[in-house]
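# Commentary on secondary and tertiary structure
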Amino acid sequence: MDAGTRITVTSPDQMRDLGRRLAKLLRPGDLVLLTGELGAGKTTLTRGLGEGLGVRGAVTSPTFVIARVHPSLGDGPPLVHVDAYRLNGGLDEMEDLDLDVSLPDSVVAVEWGEGKVEGLSEDRLHVVIQRTVGGEPTVTDAMAADVDDVRDVVVTGVGPRWAGEDLASLAG
C-alpha cells in the first residue's frame with residue numbers, strides 16, 4: 001500500500017462532505033474499509049456515502065444488526081453498511097449474513113473490517129480516521145473547529161481498480 005491521500009477534517013459536517021465526495025468515485029463492487037477508534041467518524045463518513053450514492057433510509061451504525069442494506073433511490077448501486085466489530089470469524093461470518101443483495105452489484109462499506117474482510121475483493125479502499133488530539137493541530141484547524149473534532153483521514157486505494165483514480169481530489 002502506498003502512503004495514501006491525507007485529509008484534515010475539522011467537523012462532523014466536513015466528514016459527511018468527504019463521504020459525499022468519496023461516493024462520486026465509487027461504483028458497484030467497490031469495498032471500502034473504515035478504520036478508526038470508537039467515535040472517530042466512521043458512521044458519519046458512511047452517512048455521507050449514502051447521501052452521495054442517493055440511497056434510501058437513514059444511515060446509522062449497524063452495530064446491533066451487523067449489516068444494513070440501503071437500496072438506491074435512482075439507478076446507482078445500493079449501499080451495504082457493515083459493522084464487523086463483532087464478526088470474529090471474519091469473511092465466513094460475513095457470507096453467513098445472507099444479505100439480500102449481490103455484493104458485486106453494491107458498494108460495501110465495512111466499519112472495523114481491517115483484518116477480517118479483505119478477502120471480499122483484491123481491490124479495496126482503506127479509510128483510516130484518527131483523532132489529532134495529542135498531536136499538534138495547525139492554527140487553521142484550531143480556528144476552524146473545536147480541536148476535539150479534528151480528524152486526520154488517510155484514504156488509500158489497494159489493487160488495480162484504484163491505480164488510476166485521483167484520490168487527491170478528495171481533499172478538495
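Residues numbered from 1 in each chain as written. Predicted model: local features only at pLDDT ≥ 70, side-chain atom pairs only at ≥ 80, totals over all residues. Heavy atoms only, no water.

With an unreviewed UniProt entry as reference, the chain is termed tRNA threonylcarbamoyladenosine biosynthesis protein TsaE, source organism Streptomyces hygroscopicus. Listed under Subcellular location (unreviewed entry) in UniProt, the entry text for the chain is "Cytoplasm". (UniProt positions renumbered as here; feature names shortened; annotations may be inferred.)

## A word on the pattern of salt bridges
This structure, assessed with the given rule, holds eight salt bridges. A salt bridge links Arg16 to Glu51; its shortest N-O distance comes to 2.3 Å. Pair noted here: Arg16 is in helix 1 (residues 12–23) and Glu51 is in helix 2 (residues 42–53), with a separation of 35 residues, a long-range link. Arg16 gets classed as partly exposed once you look at its relative accessible area, which sits at 27%. Of the charged contacts in the structure, one is a salt bridge between Glu37 and Arg131, with a shortest N-O distance of 2.4 Å. With a gap of 94 residues between them, Glu37 in the loop between strand 2 (31–35) and helix 2 and Arg131 in strand 6 (residues 124–131) connect regions that are remote in the sequence. Glu37 sits in the partly exposed class, given a relative accessible area of 44%. For Arg131, a relative accessible area of 33% gives the class partly exposed. In this structure, a network of salt bridges that share partners links the residues Arg16, Asp17, Arg20, Arg21 and Glu51. (Salt bridge = Lys/Arg side-chain N within 4 Å of Asp/Glu carboxyl O. Helix = DSSP H or I, 4+ residues; strand = E, 2+ residues; numbered from the N terminus. Buried < 20%, exposed > 50% of the residue type's maximum accessible area, 1.4 Å probe, protein only.)

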